[in-house]
Amino acid sequence: MPGGAVSPVGSVDARRVEAPVTVKTYLMCAFAAFGGIFFGYDSGYISGVLGMEYFITTFEHLDPSLATTNPDAFVVPSWKKSLIVSILSAGTFFGALIAGDLADWFGRRTTVIAGCFVFVVGVILQTASSSLGLLVAGRLIAGFGVGFVSAVIILYMSEIAPRKVRGAIVSGYQFCITIGLMLASCVDYATEHRTDSGSYRIPIALQMLWAVILGTGLFFLPESPRYFIRKNNKEAAREALSRIRGQAPDSEYIELELNEIEANYQYEMAVIPDTGYFDSWINCFRGNIFHPNSNVRRTVLGTSLQMMQQWTGVNFVFYFGTTFFKQLGTIQNPFLLSMITTIVNVCSTPISFYAIEKVGRRPLLLWGALGMVVCQFIVAIIGVTDGGNPHAVSAMIAFICIYIFFFASTWGPGAWVVIGEIFPLPIRSRGVALSTASNWLWNCIISVITPYMVDSDQGNLGAKVFFIWGSLCTCAFVYTYFLIPETKGLTLEQVDKMMEETTPRTSAGWKPHSTFAEEMGVNYNDKVVAEPTVAQIEV
Ligand code: BGC
């Protein structure tokens, strides 16, 4: 062992020895979670802006007096609403896909910093806009930036967080998303009555601040050691890991963790070698879909999990809440209500910090889906039976808030935590990128079609739309039961092994019993002492 006695393989239990979690580690991860703020803010501010009088007057060239004389005519038409809202997710979709490659080529940290730059450019264009074209272009470009950040922050955080608190730390990212959404609706609420362009320009321009803080802060954080292992630079990986864990580079903790990361990487590369750019993309889809450990199965799992998260219908409330509440008729201040839903979202998310580590990922997603199903069907049933009655409307709003509570404490963070954990290192950055892109793709699809389903001059579903979300949440429940493995408390390398040896339903009982370093025959002197056997590398 560098700087100490040589420990033969197996004399130290590599499954258990690990560095204590330091405050510094927490702070580093918490800072990275800040990326969630501009994800949330950027997707959240638009709902309020689309309902602002000054914005409608400027972008629709309408007479402001129409707002009182003919409020039904004083709106942004459905096609424009869906274009403005969804274009961000379209940009984010492509941004997230590209980010996977950039994260492997230039590093996780550098890609996030680049994302902040792109985002600022997009925000400047949006702030300057007073017509549809520039606003849409700005949102598309900002979307690219958000895509970079949202895909790579998850990767980065999952890779640097210690296993015991990884779920809680990645949930911190979701917490920041919710804070971003809430800040956006508070700022909208504060500026909505302004009679100048500040009404929409202030909420838009403020976002630059988040990008500047994140981009600057990341300069001071270390790169992910797993990135350096991919690059065959073990010394840089050692240096980065020692900073993250707060231990000497030659300490036993660092040595063990590094060996395990490296051995796992070698193992995965032995199973499915990566022989070129296209090959490494194709690797994400190799293997037998019915085998829980195959790459294709993991890719399908990550992308479908994010799809299911969007199918819960949560963004219907956050993107179109203001207009939906207006439609319910008896509501005095729809802006205020939207703000309340975002506050419920923020306050409920921290429950997941504890629950995701204590209860585990699988039960959390199962219970969350069940809770949402119940609330959504109640809202839909009240809506069709007694929709016009003010008491019924209050009950609907209460159940919408309870539904947000269930989402925020379970599926909101859970989906991000799981996608950061299920991919082996050779395909991790692309797997997380594809999964994040799927989140944005479905986000985009839902924001394009929702106004057509709900608006009174279109499908006019109104509250009945909750029957759709309720049915989709039922799918999410069944999906979780059959497909989501339990990853709580395992290192990313142990997750890899667990997925190889169990099925989702038996995964919770799995215990680590060997290390990749042992299997690959790596000892503390860094030497491969035995070639892996064929049985060891067969999937
Ligand atoms: C989702 C977003 C959603 C947010 C609400 C995130 O996990 O991916 O689409 O707006 O949660 O808190």
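Below or above, wherever it landed, is the structure these notes cover. (Residues numbered from 1 in each chain as written. Predicted model: local features only at pLDDT ≥ 70, side-chain atom pairs only at ≥ 80, totals over all residues. Heavy atoms only, no water.)

## Side note on the environment of L50
We apply this condition: Working definition: helices are DSSP H or I runs of at least four residues, strands are E runs of at least two. Numbering for both runs from the N terminus. A 1.4 Å probe rolled over the protein chains alone gives each residue an accessible area, and that area as a share of the maximum for its type sets the label: buried under 20%, exposed over 50%, partly exposed in between. Pairs of residues are marked as contacts when any of their non-hydrogen atoms sit within 4.5 Å.
Of note, L50 is situated in the loop between α2 (35–49) and α3 (53–60). We classify L50 as buried; its relative accessible area is 8%. A sequence separation of 26 residues divides L50 from V76, and the C-alpha atoms of the two residues are 6.9 Å apart. Discounting residues that sit within four places of it in the chain, L50 has contacts with F55, I56, V76, K81, I84 and V85.

## Describing the site of the ligand
Selection rule: If a single non-hydrogen atom of a residue is within 4 Å of a molecule or strand, that residue counts as near it. The term polar contact refers here to a pair of N or O atoms within 3.5 Å; inside protein, the definition further demands a hydrogen-donor-capable atom paired with an acceptor-capable atom, and it admits residues adjacent in sequence only when both atoms are side-chain atoms.
Around the ligand there are 15 residues in total, and Q174, Q309, N315, N345 and W416 lie nearest to it. In this structure, Q174 approaches the ligand through a side-chain N or O atom, which is 2.6 Å from an oxygen atom. One nitrogen or oxygen atom from the side chain of Q310 is found 2.9 Å from an oxygen atom belonging to the ligand. Of all the secondary-structure elements, those providing two or more residues to the shell around the ligand are α8 (166–191), α15 (295–311), α16 (314–327), α20 (390–419) and α21 (425–454). Among the elements that take part in the shell around the ligand, α8 stands out by supplying four residues, more than any other.

## Notes on a nonpolar patch on the surface
Note the following rule: The residues that make up patches have over 30% relative accessible area and no salt bridge, and they are joined within 9 Å when like-charged or within 5 Å when they are Val, Leu, Ile, Met, Phe, Trp or Tyr. The Shrake-Rupley method, run with a 1.4 Å probe, gives the accessible areas here. Residue values count only the displayed protein chains as cover. Whenever Lys or Arg places a side-chain nitrogen within 4 Å of a carboxyl oxygen from Asp or Glu, that contact is recorded as a salt bridge.
The grouping of W105, F106, Y277, F278 and I282 at the surface amounts to a nonpolar patch, some 570 Å² of accessible area in total. In terms of residue count, the dominant contributor to the nonpolar patch is helix α14 (residues 277–282) (three residues). Topologically, I282 is positioned in helix α14.

## Some details on the pattern of salt bridges
Tallying each qualifying case throughout the model produces 18 salt bridges. Its salt-bridge partner being E262, residue K234 comes within 3.0 Å of it at the nearest N-O pair. Separated by 28 residues along the polypeptide, K234 in helix α12 (residues 234–245) and E262 in helix α13 (residues 252–271) bring together distant segments of the chain. Assigned by exposure class, K234 and E262 land together as buried. Measuring nitrogen to oxygen at the nearest pair gives 2.6 Å for the salt bridge that ties R361 to E421.

## Structural notes on the packing of aromatic side chains
Heads up, the rule is: Between the rings of Phe, Tyr and Trp (Trp by its six-membered ring), a pair exists once the centres lie within 6.5 Å; its type follows the angle of the planes, with under 30 degrees stacked, over 60 edge-to-face, and the other angles tilted. Two conditions define a charge sitting above a ring: the NZ of Lys or the CZ of Arg must be within 6 Å of the ring centre, and it must be within 35 degrees of the ring normal.
Inspection of the entire model under this criterion finds 26 aromatic pairs. Centroid distance Y403 to F466: 6.5 Å. Interplanar angle 90°. Geometry classified as edge-to-face. Here Y403, found in helix α20, pairs with F466, found in helix α22 (residues 465–483); they are 63 residues apart in sequence, far enough to count as distant. Above the plane of the ring of Y481 lies R362, whose end atom (NZ or CZ) is 5.6 Å from the centre.

Bear in mind that shape data such as this cannot, by itself, settle questions of function.
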